[in-house]
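# Observations on the model geometry
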Amino acid sequence: MRKKIIITGGLGYIGTELCKIYSGVSWHHHIIVLDNRFISERVNQIRNWNMEFIHGDILDKDLVNKYFKNADVVHHLAGVTSVPRTKSESSKEQDDKIKLVAEEGTQNILNAISNECKLIFPSTHVVYEGISEVRKDIKEDEATQPVLSYSSSKAANEKQLRDSGKNYVILRLGSVYGYSNDTMRIDIMPNLFSKIASQNGTLKLFAAGRQIKSMVPLVDVARCFKFIEESDHIKSELFNITKDTLTVKEVAQICKKHNPKIQLRETNDEIPNLGFSLSNKKILKTGFKFLYNIDQNIKEMIDKWSKQNLIKDLEHVRDGENIFVDRRGKISNHELTEPINLIGLIDSKRGTIRANHYHPQQEQKCLFTKGQIIEIFQDLINPEAPKVTQVVNAGQLSVIKPNVAHTMVFTKDTTFLNLVRGERDHENYGITHTVKHVFVDEKEKNLLLSCYKFNCRSCGNTDLKRVVSLGYQPLANNLLNKQNDKCELYPLEVNYCENCHNCQLSVSVDPKKMFSNYLYTSSTSRVFREHFIKASKKYIKDLKLNKKKSYIIDIGSNDGVALKPFLDQGFKKILGIEPAKNLAKLANKNKIKTFNGFLDNKNIKKIRKGADLILASNVFAHSDKLQEMAECMLKLLNKRGTIIIEVQYLMNTLKDLTFDNIYHEHYNYWSLTSLNNFFKKFDSTIFRAEKVDTHGGSIRVYIKKDKKTKIENSVKQILKEEEKFGIKKFETYKKFGERVYKVRENVRKNIEKLKKNSKTIVGYGAPAKATTALNFFGISKEIDFIVEDNKLKHNKFIPGVKIPIKEKSQIKNKKNTIVVLAWNFYKDIIENNSELSENFINIKDLESNNL
Ligand SMILES: [Zn+2]
């Protein structure tokens, strides 16, 4: 039968829950919700549920007559909600109002409805508040003993209904509790306790919490109203509706179970009445079943209220929660914190671009159901903010804060849902919702499509997480010949692979652009020369190398700096492999036999095999094709030979914040953990590991072509150290990223201070790390020029920031401040250049908060 059902007070605590339940049948019945409040969100919700909302008061007789006269069912929930709990809180004015709404309002309804209409009415256990001794399982026929205005009015209503001759059902509710959006109901004991527990607070238990209370979950109360409505045979009855009777202390203990951080504090005061409980036998006999329990409800409230999603990120990408996979496929959930009233379904073709805009007020939420994008975004409130990119895959939700410009480049045919609160119209572009802001053009889109990396270079995993973005940057070693020469900018950011723990760049720039003409000659540095002399002596001794027989290859041999010590000690069979033409030529001129080219499958045919020792210092980071390089190295090695790799150590980068080690030539950032995972895949073993101090901290590993090689303690110990540090946790990397951004803020502040006190600031040294740091900091005009020891760099310019590089003789005034950019040679530089200036500052010192 189609019924006309009216819910009074439908926006309240129980009413909201009841409407939710009726939304399931609102297509079948005619449902009217009446409330004297108007909460637009909830009203909107009710209307979307196909229910009629009437903004009105039950004291309005005409209105009640109009709507109630042919109603089949009335859930009469309306009443004054803020009621005094003690005598001292009471006032005559408030008491009169409670009485008026309760009695006159109810009478209006009784007068309007027919004799067939079922009126379901909530009363309360509080009608027994006058009972002075402890009483358990009070039955429905026990005489009421109201004291305060609220219980008095409820008792009066009960009588009114009984005497009306109409079809009524009274539900005497225990203390109703449970999660709801209605903040008015925080003062109910289990709700209050859960709220305090969600904030790790202290629960005060008066009289040691011995008072008992009959309680009932909100959802079961709403269910019971509907159950009574559907049970046509239940007429002119009164039921107690309670589920659990617990002491206050027992409720507190449930809270403590779900959040052990809270404190329970008992007081010893006596209270006059330890409470009473109602029997629920009668309602259970009708067949009604309670489905919820206090334990679940308290857990739900604590969970929902303790979620402190203070996300400071301008954007973030979320994987779904509660992921469920079976042979049919996958389910994952994304909980949103705000209501969504519009969903855009957007299909995009591979290779196209969308957005190039920002939202002044709204958070952008896009749920990707198919395909993949490169997302580009930039904070518009902070004008110096770097431009950041990242990959978003199918199944992920991308959330971008307001006033952050964003663009999507589609790398596959893609479908996503745009989830919006508020209008989203193509017509109102440029007004409140969406403002155009083109910051990625076609050329940049093509560049991203050509160089972006979607898989881990070491293990192939496709789900990489961003560690830090240093914005778009030029190629660090490609100095400009003229100040206004054009240079390409590429995203410079590091991603982390949760599978093999390798850190790596998000893009791969064509190596020919970086390594074919290399200006960095290792032998320029005394420190490096000494490092390789020492290393050669160690290797000759440890590996028992033979001057006449041993064949030694150095990969990425530069100008021969690592092989020269072997040559000097009489070794005959040495070979360098170096892709930079100018460096290979220089090495060959100096009698260090060098093959000009990359070590790859094509070139390996031209290289003699059977090496006893293969060195690869500071090149393993430089390889985009790791697998191929490792395979080639192993092919060149003889059976008993050793590979020694020296590479910048990620642990130092993370600990010392040496983010300026990050540049496009360094594709990979290694820990022993990730190196070990990598080499395990080949038939080889890292059997020894050492930390060395070049490049601000490096790691040296020894590899044999035999899986059975005994692994020395040094390997086990460093692996353990790394694990303890958190090398396998994304959180470690995320924190590093946050600290790097703090450094940027400090440097910008400090360089401004410095510029005020010193007219001219000169930089010392133009290594690649200076390009990274200066571009990331956004320092250009603040530094007048840079001096360099390496003649090849003179009269060139740092790309991006365009600072000129000059000879030292250009420094004419000792009052100038010299900022040492090649900070790893700081001591050397100030010792050898005291005649240049009275003020040397290490760029690293500008990174701290207090200069
Ligand atoms: Zn990986």
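Look above for the structure.
Per chain, residues are indexed from 1 in the order of the written sequence. With the structure being a predicted model, the display of local features is reserved for residues of pLDDT at least 70 and the display and counting of side-chain atom pairs for 80 or more, all residues being used for whole-chain, interface and lining totals. To get the side-chain values, all heavy atoms of the structure are used, and hydrogens and water are removed first.

### Here's the deal with the sheet that holds strand 27 (residues 464-473)
By definition, the strands of a sheet pair up through backbone hydrogen bonds, in either a parallel or an antiparallel sense. Any two strands between which DSSP finds at least two bridges are classified as paired. Only DSSP runs of H or I covering at least 4 residues are called helices, and only runs of E covering at least 2 are called strands; the numbering of each starts at the N terminus. Spatially, the four strands line up as an open sheet ordered 27-28-29-35, and their pairing is antiparallel. Two strands lie at the open edges of the sheet, namely strand 27 and strand 35 (668-669), each paired on one side alone. Both strand 29 (residues 503-505) and strand 35 contribute to a ladder of two bridges, which runs antiparallel. When the sheet's bridge partners are listed, Gln504 is paired in strand 35 with Asn668.

### Details of the packing of helix 6 (residues 189-198) against helix 8 (residues 248-258)
Remark: helix 6 packs on helix 8, axes separated minimally by 10 Å, with the N-to-C direction vectors making an angle of 35°. Of the two possible hands of crossing, helix 6 and helix 8 adopt the one that is right-handed. Contacts from Met189, Pro190, Phe193, Ser194 and Ala197 in helix 6 reach Val248, Val251, Ala252 and Cys255 in helix 8. When residues are sorted by character, Ala, Val, Leu, Ile, Met, Phe, Trp, Tyr, Cys and Pro go into the nonpolar class, Asp, Glu, Lys and Arg into the charged class, and all the rest, Gly among them, into the polar class. Looking at side-chain class alone, the contact of helix 6 with helix 8 contains eight nonpolar, one polar and no charged residues. In this description, a line fitted to the C-alpha atoms serves as the axis of each element, helices being fitted only across the stretch in contact, and the angle between N-to-C directions of two axes falls anywhere from 0 to 180 degrees. Should the near helix be turned counterclockwise from the far one by less than a right angle, the crossing is left-handed, whereas a clockwise turn marks it as right-handed. For this analysis, residues touch if any pair of their heavy atoms sits within 4.5 Å.

### A look at the packing of aromatic side chains
Each pair of aromatic rings taken from Phe, Tyr and Trp, with Trp reduced to its six-membered ring, is defined by centres within 6.5 Å and is described as stacked if the planes are under 30 degrees apart, edge-to-face if over 60, and tilted in the remaining cases. Under the counting rule described, the total for this entry stands at 25 aromatic pairs. Among the aromatic residues, ring-to-ring pairing joins Phe620, Trp670, Phe678, Phe679 and Phe682 into one connected group. Between the NZ or CZ atom of Arg744 and the centre of the ring of Phe776, over which it lies, the distance is 5.6 Å. Our definition puts a charge over a ring when NZ of Lys or CZ of Arg is within 6 Å of the ring centre and also within 35 degrees of the ring normal.

### Describing empty space enclosed by the protein
Buried and open spaces are told apart on a 1 Å grid over the protein atoms alone, a cavity being a set of points where a 1.4 Å probe fits but cannot get out and a pocket being an open set with protein on both sides within 12 Å along at least five of seven lines. Residues with an atom within 4 Å of a point are the lining residues. Grid points are joined across faces, edges and corners, and a volume is the space filled by probe spheres set on the points. Applying the stated criterion across every chain yields a total of four cavities of 30 Å³ or more. Volume-wise, the largest cavity comes out at about 60 Å³. Lining the largest cavity, in full, are Phe532, Ala535, Ser536, Tyr539, Ala562, Phe566, Leu615, Ser617, Ile644 and Glu646. Counting only elements with at least two residues in the lining of the largest cavity, the list comes to helix 13 (526-542), strand 33 (611-617) and strand 34 (637-648). Looking at which element gives the most residues to the lining of the largest cavity, the answer is helix 13, with four residues.

### Digging into unusual backbone geometry
Phi at Asn50 takes a positive value of approximately 70°, unusual for a residue other than glycine. Here Asn50 shows up in the loop between helix 2 (40-48) and strand 3 (52-55). With a phi close to 50°, Asn322 is a non-glycine residue in the positive phi region.

### Things to note about the pattern of salt bridges
Put simply, a salt bridge is a Lys or Arg side-chain nitrogen that is within 4 Å of an Asp or Glu carboxyl oxygen. All chains considered together, the criterion is met by 39 salt bridges. When the shortest N-O distance is used, the salt bridge between Lys243 and Asp244 registers 3.8 Å. Relative accessible area decides the class of each residue, using a 1.4 Å probe on protein chains only: under 20% of the type maximum gives buried, over 50% gives exposed, and in between gives partly exposed. The exposure class assigned to Asp244 is buried, which follows from its relative accessible area of 17%. Taken together, the shared-partner salt bridges in this structure form one network comprising Lys538, Asp542, Glu646, Glu690 and Arg700.

### Remarks on the pairing of strand 21 (residues 372-379)
The side chains of a regular strand alternate between both faces of the sheet. With eight of eight residues buried, strand 21 lies mostly within the body of the structure. Burial along strand 21 is two-sided: the residues Gln372, Ile374, Ile376 and Gln378 and Ile373, Glu375, Phe377 and Asp379 are all buried. In terms of strand pairing, strand 21 meets strand 22 (residues 388-393) through six bridges, oriented antiparallel. Each residue of the ladder has a partner; that of Ile373, found in strand 22, is Val392. Here seven bridges tie strand 21 to strand 24 (residues 404-410), and the two strands are oriented antiparallel to one another. Bridging across to strand 24, Asp379 finds its partner in Val404.

### Some thoughts on the sheet that holds strand 3
Taken in spatial order, the seven strands line up as 3-2-1-4-5-7-11 in an open sheet, and their pairing is parallel. Every other strand in the sheet has two partners, leaving strand 3 and strand 11 (237-241) as the edge strands with one partner each. Across the sheet, the mean angle separating the axes of adjacent strands is 20° when strand polarity is ignored. Pairing between strand 5 (residues 118-124) and strand 7 (residues 167-173): seven bridges, direction parallel. By the bridge assignment for strand 7, Phe121 is matched with Ile170. Running at roughly 150° to strand 5, helix 5 (residues 149-164) makes contact with strand 5, strand 7 and strand 11 of the sheet.

### Re the nonpolar core
Nonpolar side chains in soluble globular proteins tend to end up buried together. Core analysis: the biggest nonpolar cluster contains 85 residues, and Phe620, Met633, Ile645 and Phe679 have the highest contact counts within it. Sort the elements by how many residues they give to this core and helix 20 (residues 730-757) lands first, with eight residues. With residues up to four places along the chain from it excluded, the contact list for Phe679 reads Phe620, Ala630, Ile645, Ser684, Ile686 and Ile703. By convention a nonpolar core is built from buried Ala, Val, Leu, Ile, Met, Phe, Trp, Tyr and Cys residues, the set being connected through side-chain atoms within 4.5 Å. Counting residues in each nonpolar core, the second largest holds 54 residues, with Ile14, Ile188, Ile228 and Ala252 among its members.

### Some words on the coordination of the zinc ion
Protein ligation of the zinc ion involves Cys456 (SG), Cys459 (SG), Cys497 (SG) and Cys500 (SG), the donor distances falling in the range 2.2 to 2.3 Å. Metal donors: N, O and S atoms at distances within 2.8 Å, or within 3.2 Å for Na, K and Ca, with water omitted from the atom set so that some sites may seem incomplete. Metal sites are grouped by the angles between bound donors: all angles between 85 and 135 degrees with four donors is tetrahedral, opposite donors over 155 degrees apart with the others between 65 and 115 is square planar for four donors and octahedral for six, and any other pattern is irregular. Coordination at the zinc ion is tetrahedral, judged from the four donor atoms that bind it and the angles of 102 to 115° they form at the metal. Of note, the donors binding the zinc ion are all from one chain and are spaced C-x2-C-x37-C-x2-C. Residue Cys459 is located in the loop between helix 11 (442-451) and strand 27, and its partner Cys500 is located in the loop between strand 28 (490-497) and strand 29; the two are separated by 41 residues in the primary sequence.

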